[in-house]
Amino acid sequence: MKNKKAQDKILSVYWFVILFIVAGVVVYMGATFYGEPFDVREAETNILINQISNCLSEGGKLKLDIYDGKEFLLNSVNFLEKCKMTFEVEETKGWKNDQHYIEISFLDFNTSIRKNFVKQGNFKLKNNCDNNQRNFPYCKERSFYTLDENKNQYEVKIYASIRKTEKNA
Amino acid sequence: MHNKKAQIADSMTWIIATLIIIVILTISIFVVLPFGKEKKLKLLRTSDILATKSLIGYLQTDNFYEKISGIDKKDSGLDEETGPLAEKIFKEFYRVTYEFMWFGTDLIYNEYFGNKFIKGPEIRKSHPSQKHFLIIEEINLNKNIKLILKLS
């Protein structure tokens, strides 16, 4: 009878040990899977480029507050205001609103001569781009075709770079 | 003697059960480990704002809209004037983002973008049919003519 009781006690201890091991492993697997942040910078860069393109062109033509038919009204100083954008970021990880950089080039479609150039943000990001490395800024350049009021043809190149390595990667 | 044998058998059962549990848990950890290393959020594109802007800009060029919407249904709509511009815009601007692009009217083939569905053995493997195109922009120019941009 005594022997049976002792056996039960040992078995209970054994089950508790197994229970803790299984629980520990499940917690470890969960932490491993969900612990690493998602890198959303590619999606963020696409959204930024789309927003900029919407700010510049509508209905296949450059907007009148961007190019009035005589000169470009968009420049590096008024870009954020005109496009209703902000590059402010949350105060964390020592960030100082220096996590974004954009360049917009308005090129003559036939000659590729640059007609206007706009840049905004932390230009240092451009030199450190590496889309395959988690600790480097994510960069992307895309183009679209558009006309102005005088039916002149343009290639608009939009380059965007986002750092945020500490939070996103 | 019988009691001892029974005890050994009982212990062996528990030892083997423990080993099996540990093996299963170890395998689970190794299966999960690669998923935890790098997680990139990739969104499935179903539209491309920049390509759409280019397409609308293209139609606004000279009299392209009137020209293409006035063609016969058997005509590809891309001639010496409209074809090279479409080629330059869509092939040059979007070749980095997409493996394959096709632009034209309802006709299956045009001389600037080739076959709507099949283009070479490699593409045939990855794009056997229309359903594999991620982005399809269609503009109805009139009752008969539809302008299509496919990106994949």
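Residues numbered from 1 in each chain as written. Chains lettered and ligands numbered in written order. Predicted model: local features only at pLDDT ≥ 70, side-chain atom pairs only at ≥ 80, totals over all residues. Heavy atoms only, no water.

Visitor: Before we go on, may I ask you to explain the pairing of strand β6 (residues 153–162) of chain A in this structure?
Guide: In summary, the side chains of a regular strand alternate between the two faces of the sheet. All names here are of chain A. Judged by how many residues are buried, β6 sits mostly within the fold: nine of ten residues are covered. One ladder, built from nine bridges, connects strand β3 (residues 100–108) with β6; its direction is antiparallel. Bridge assignment links I104 to a residue of β6, and that residue is I158. Inspection of the sheet shows strand β5 (residues 138–147) paired to β6 by ten bridges, in the antiparallel sense. Bridge pairing links S143 to K157 in β6. Hairpin connection between β5 and β6: a loop of five residues separates the two successive antiparallel strands, and K151 in this loop has a positive phi of roughly 70 degrees. (Buried < 20%, exposed > 50% of the residue type's maximum accessible area, 1.4 Å probe, protein only. Helix = DSSP H or I, 4+ residues; strand = E, 2+ residues; numbered from the N terminus. Pairing = 2+ DSSP bridges.)

Visitor: It is not clear to me how the state of the cysteines should be interpreted in this structure. Could you clarify?
Guide: In a disulfide, the sulfur atoms of two cysteines are held together by a covalent bond. Residue and element names in this part refer to chain A. As enumerated under the stated definition, the model contains two disulfides over all chains in all. Each sulfur of the disulfide joining C55 and C83 lies 1.9 Å from the other. Between C55 and C83 the sulfur-sulfur dihedral comes to about -70 degrees; the bridge is accordingly left-handed. One end of the pair, C55, is in helix α2 (residues 41–56); the other, C83, is in the loop between α3 (79–82) and β3, with 28 residues separating them in the sequence. (Disulfide = S-S within 2.5 Å.)

Visitor: Teacher, can you tell me more about helix α2 (residues 49–60) of chain B here?
Guide: Since the α-helix advances by 3.6 residues per turn, residues separated by three or four positions end up pointing in the same direction. Residue and element names in this part refer to chain B. Counted at 1.5 Å a residue, the expected span for α2 with its twelve residues is 16 Å, and the 17 Å between its end C-alpha atoms agrees. Looking only at α2, the buried set comprises L50, A51, K53, S54, L55, G57, Y58 and L59. The N-cap of α2, judged by a side-chain oxygen 3.0 Å from the amide nitrogen of L50 a few residues on, is D48. At the C-terminal side of α2, D62 shows a positive phi close to 45 degrees. (Expected span 1.5 Å × (residues − 1). Polar contact = N/O pair within 3.5 Å; in protein donor to acceptor, adjacent residues only side chain to side chain.)

Visitor: How should the side chain of T165 of chain A be read in this particular structure?
Guide: All names here are of chain A. Mapping T165 onto the fold places it in helix α4 (residues 165–168). Accessibility expressed as a relative area gives 6% for T165, which makes it buried. Apart from the residues within four sequence positions on either side, T165 is in contact with R41, R134, N135, F136 and P137. (Contact = heavy atoms within 4.5 Å.)

Visitor: Could you clarify how one ought to interpret the packing of α2 of chain B against helix α4 (residues 82–94) of chain B in this entry?
Guide: Helix-helix packing is characterised by the crossing angle of the two axes and by the distance between the axes. Residues and elements named next belong to chain B. Closest axis-to-axis distance for the α2/α4 pair is 11 Å, and the angle between their directions is 165 degrees. Looking at the two axes, α2 sits roughly antiparallel to α4. Considering only the axes of α2 and α4, their crossing is right-handed. For the pair α2 and α4, contact is made by L50, A51, S54, L55 and Y58 and by T82, G83, L85, A86, I89, F90, F93 and Y94, respectively. Of the residues that constitute the contact of α2 with α4, the class distribution is ten nonpolar, three polar and no charged. (Axes fitted to C-alpha atoms, helices over the stretch in contact; angles between N-to-C directions. Parallel < 35°, antiparallel > 145°, perpendicular 65-115°, else oblique. Left-handed = near helix turned anticlockwise from the far one by under 90°. Nonpolar A, V, L, I, M, F, W, Y, C, P; charged D, E, K, R; others polar.)

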